[in-house]
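Notes for the structure review
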Amino acid sequence: MGSAAGALPLPVLGSRVAVRKRVDYENSQEGGLVRRAQSGDEAAFREIVERYQSKVFSIIHGIVRQRNDVEDIAQQVFSKVYFSIRNFDFRSSLITWIYKITVNECFDYLRKKKVRKLVYESDLSEDEARRVENTEPAVNRQAPVDQNLARRDYVVKLLMRVSEEERTLLMLKEVEGRSVEELAMMTGMNENTIKVKLFRARQKLVKAAQRLDRNPVAG
Amino acid sequence: MHQVILDRLEEYLAGTPGSREFTAHLESCPACRTEVSGMQELSNALGVLRAGEEVTPPAGFYARVAERVEQQRPRSFASLFWLDPVFGRRVAFASLMTLAVLGSYLISRETDYSAGPTNPATVMAEQAPAQDPDVMLATLASYEP
């Protein structure tokens, strides 16, 4: 974060947050569970799944809103957790790590879905494509019905334009309602770094929103 | 954005009322006001991704995760033979057949060679360059570096 600190004035914070002693997560009860899972203990992995499955389902449902696909994405999340748990380095908490995997899986899913939609549209004949084009404004006129869905799509498009790390931080802050202090604890970064990263992510979002508003088709 | 705003931005966006200094600066600085307003708008918009309801995983979820893990587990080359003996036998049979075909081909090629001179002196005499001085001179004269 050296370069970021050089480019942007760091927020001046009180002495209470100057240097935070990191919680010894590795030696906590959950740290022990992770170490067991890392050594191939299936029971430990099962405990991790059972402990966090509800949380993962809720996160996915919040982002994707497609009930039919929620379980499939959740399975993929825990499969990734299984295969990557050996790389978990205790720099963040387990839930932060799982949260990041979950958010990435959701955005991968939405990206693939968008590509599939484009492929489907490219398969249409000219007449069919024209018909679809002509029906779209009519659908938009029913905006109040789908307003929430449209807002969600808009937010998803914006979040696709920031980095994975920025997306996770923004989601934890704005969607999960975590404070900067909690984010610092969860990620192992200091509060100044979190504030700078969030500020930069917000700047990118504002710019992306301006671009998207000017040229909605590009999204 | 000015430092006074940057310091308290996250608290402000989270709903904590800004300090007197913060509010005063925001009122007097149009650039900061515009930027904070844009960020505030997007901060509210992100709320749409909040999970509205608790989603309970369906029964048997762990079993299906375990199944997917098994499907995605990378298999070693050797495990192909262990896990599927029929496939292993087919590979072994195909290898033996290839060896047999290759072997018979090589043997038939060897018998095709006609019996040449067996005396080394004869072979050397046949392969030796011409000893005629005229031929040698002609060769040297036609040599172009």
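Residues numbered from 1 in each chain as written. Chains lettered and ligands numbered in written order. Predicted model: local features only at pLDDT ≥ 70, side-chain atom pairs only at ≥ 80, totals over all residues. Heavy atoms only, no water.

Residue and element names in this part refer to chain B. The geometry of helix 1 (residues 3–13) relative to helix 2 (residues 20–28) is characterised by a closest axis approach of 10 Å and an angle of 110° between their N-to-C directions. Taken as axis vectors, helix 1 and helix 2 run roughly perpendicular relative to one another. Residue-level contacts link Val4, Ile5, Arg8, Leu9 and Tyr12 of helix 1 to Glu21, Phe22, His25 and Leu26 of helix 2. In terms of residue class, the contact of helix 1 with helix 2 is made up of six nonpolar, one polar and two charged. (Axes fitted to C-alpha atoms, helices over the stretch in contact; angles between N-to-C directions. Helix = DSSP H or I, 4+ residues; strand = E, 2+ residues; numbered from the N terminus. Parallel < 35°, antiparallel > 145°, perpendicular 65-115°, else oblique. Contact = heavy atoms within 4.5 Å. Nonpolar A, V, L, I, M, F, W, Y, C, P; charged D, E, K, R; others polar.)

Each side of the interface is counted separately: chain A has 47 residues, and chain B has 36 residues. Carbon and sulfur atoms supply 62% of the area that chain A and chain B bury against each other, a total of about 4000 Å² over both sides. Among the residues chain A hides against chain B, the three largest losses belong to Gln75, Glu174 and Phe199 of chain A. Together they make up 14% of the total. Connecting chain A to chain B are five salt bridges. Arginine 202 of chain A is the salt-bridge partner of glutamate 10 of chain B, the closest N and O atoms lying 2.7 Å from each other. At the boundary of chain A and chain B, one finds 18 residue pairs in polar contact (both at pLDDT 80 or more). Listed by contribution, the elements that provide at least two residues to the side of chain A that touches chain B are helix 3 (42–64), helix 4 (67–84), helix 7 (143–159), helix 8 (164–175) and helix 10 (191–214) of chain A. Of the residues that constitute the side of chain A that touches chain B, the class distribution is 25 nonpolar, ten polar and twelve charged. (Buried area = accessible area lost by both parts, 1.4 Å probe. Salt bridge = Lys/Arg side-chain N within 4 Å of Asp/Glu carboxyl O. Polar contact = N/O pair within 3.5 Å; in protein donor to acceptor, adjacent residues only side chain to side chain.)

Time to look at the pattern of salt bridges. Scanning all chains against the criterion turns up 20 salt bridges over all chains. Close ionic contact of arginine 152 of chain A with aspartate 153 of chain A constitutes a salt bridge, the shortest N to O distance being 2.9 Å. Arginine 202 of chain A is the partner of glutamate 174 of chain A in a salt bridge, and the nearest nitrogen-oxygen pair spans 2.7 Å. Here glutamate 174 of chain A, found in helix 8, pairs with arginine 202 of chain A, found in helix 10; they are 28 residues apart in sequence, far enough to count as distant. By relative accessible area, arginine 202 of chain A is classed as buried at 3%. One connected set of salt bridges, linked through shared partners, spans Lys173, Glu174 and Arg202 of chain A together with Glu10 of chain B. (Buried < 20%, exposed > 50% of the residue type's maximum accessible area, 1.4 Å probe, protein only.)

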